[in-house]
Amino acid sequence: MAWEVLSAIGTIAFAISGAIIAMEEEFDIFGVYLLGIVTAFGGGAVRNLLIGVPVSNLWEQEMMIQLALVSITLVFLFPHRLLGQWNRWGHFFDAIGLSAFAIQGALHAVELNLPVYAVVVAAVLTGSGGGIIRDMLAGRKPLVLKVEIYAVWAAMAGLLISVDLIRNDFYLYILFTAITVLRILSYTYKWRLPSRKITSV
């Protein structure tokens, strides 16, 4: 049950975030749908490539594709003056997508009996892969590469699931909520990992 719910939540959230960024960059309607779909399914495609699952499996998720298309359409028809507040609440959709897909990716890897490190990688790539592709196609620096903590939360979800600490649906939903909240807090309060900048002399 959790698998289907998290897949639906992640698909809707990332499709919306992709569509909004496409409109911010003044893409035409084809570009809006393209970026929304790529954002919603890009992470899963990258994950499947790395863990040996056919990428074509993604296109068997007919309901998820329909959810993505409906979400993109609603965003495209939504009043633009309300969508202009991307920096205020748009990251919220990205946080939801990151959390939902990170958990879904980890569960998928566990089902394939992959080792711990592979589960963590699957969580990170599924959670952030779509956003990376979205930002690159839009000509932006990917969120995962910015100083605010991003992919670490996906890795944490993957680790907890890989060591079998969290498998029950109830606890998966709690984990989903926790990862979403942590991501929101990290960009709200500018939580950062250590970094170094090299300056030319």
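Here the structure is a predicted model, which means the values were calculated and not measured.

### Here we look at the pattern of salt bridges
- Inspection of the entire model under this criterion finds four salt bridges.
- Two residues, arginine 140 and glutamate 24, come together in a salt bridge whose shortest N-O distance is 2.6 Å. Taken together, the residues span a long stretch of sequence, with arginine 140 in the loop between helix H6 (116-137) and helix H7 (151-162) and glutamate 24 in helix H1 (residues 2-24) at a distance of 116 residues.
- Notably, a salt bridge pairs arginine 134 with aspartate 135, separated by 2.9 Å at the nearest N-O pair. Comparing arginine 134 with aspartate 135, the two get one shared label, buried.
- Three or more residues joined by partner-sharing salt bridges are found here, namely Glu24, Glu25 and Arg140.

### Thoughts on the packing of H1 against H6
- For the pair H1 and H6, interaxial distance at closest approach is 10 Å and the crossing angle is 15°. If you check the angle between H1 and H6, you find them roughly parallel. The way H1 lies across H6 gives a crossing that is right-handed. On H6, the residues that touch Phe14, Ser17, Gly18 and Ile21 of H1 are Gly127, Arg134 and Asp135.
- Here the residues of the contact of H1 with H6 are counted per class, giving two nonpolar, three polar and two charged.

### Quick word on the packing of helix H2 (residues 29-51) against H6
- Contact geometry for H2 and H6: axes closest at 7 Å, N-to-C directions at 135°. Our classification of the angle between H2 and H6 gives oblique. Handedness of the H2/H6 crossing: right-handed. Taken together, the residues of H6 that come into contact with H2 (itself represented by Leu35, Val38, Thr39, Gly42, Gly43, Gly44, Val46, Arg47 and Leu50) are Ala122, Leu125, Thr126, Gly129, Gly130, Gly131, Ile133, Arg134 and Leu137.

### Here's the deal with unusual backbone geometry
- Its identity is not glycine, yet aspartate 164 carries a phi of approximately 65°, on the positive side.
- Tracing the backbone shows aspartate 164 in the loop between H7 and helix H8 (169-188).
- Phi angles above zero are rare outside glycine, and lysine 190 is one such case at about 60°.
- With respect to the secondary-structure elements, lysine 190 resides in the segment after H8.
- With a relative accessible area of 46%, lysine 190 lands in the partly exposed category.

### A word on H6
- With 22 residues, H6 should cover 32 Å at 1.5 Å per step; its first-to-last C-alpha distance of 31 Å lies within 8% of that length.
- The largest bend in H6 comes to about 45°, at serine 128.
- One or two positions beyond H6, positive phi appears at glycine 139, with a value near 75°.

### With respect to the UniProt feature "transmembrane region" (unreviewed entry) in the chain
- UniProt marks residues 6-23, 30-51, 63-80, 116-137, 149-166 and 172-189 with the feature "transmembrane region" (unreviewed entry), using the numbering shown here.
- Here residues 6-23 runs as 100% helix and 0% strand, with 26 Å between its end C-alpha atoms.

### Focus: helix H3 (residues 62-77)
- If you check H3, its first and last C-alpha atoms are 23 Å apart, about what 16 residues at 1.5 Å a residue would give, namely 22 Å.
- Within H3, the full set of buried residues consists of Met64, Ala68, Ser71, Ile72 and Val75. Viewed end-on, H3 has its buried residues packed into an arc of 95°, placing them on one side of the element. Seen from the open side of H3, the exposed residues pointing more than 90 degrees away from its buried face are Glu62, Met63, Leu74 and Leu77.

Definitions and limits used
Residues numbered from 1 in each chain as written. Predicted model: local features only at pLDDT ≥ 70, side-chain atom pairs only at ≥ 80, totals over all residues. Heavy atoms only, no water. Salt bridge = Lys/Arg side-chain N within 4 Å of Asp/Glu carboxyl O. Helix = DSSP H or I, 4+ residues; strand = E, 2+ residues; numbered from the N terminus. Buried < 20%, exposed > 50% of the residue type's maximum accessible area, 1.4 Å probe, protein only. Axes fitted to C-alpha atoms, helices over the stretch in contact; angles between N-to-C directions. Parallel < 35°, antiparallel > 145°, perpendicular 65-115°, else oblique. Left-handed = near helix turned anticlockwise from the far one by under 90°. Contact = heavy atoms within 4.5 Å. Nonpolar A, V, L, I, M, F, W, Y, C, P; charged D, E, K, R; others polar. Expected span 1.5 Å × (residues − 1). Bend = angle between axes of the 7 residues up to and from the residue. UniProt positions renumbered as here; feature names shortened; annotations may be inferred. Arc of directions from axis to C-beta.

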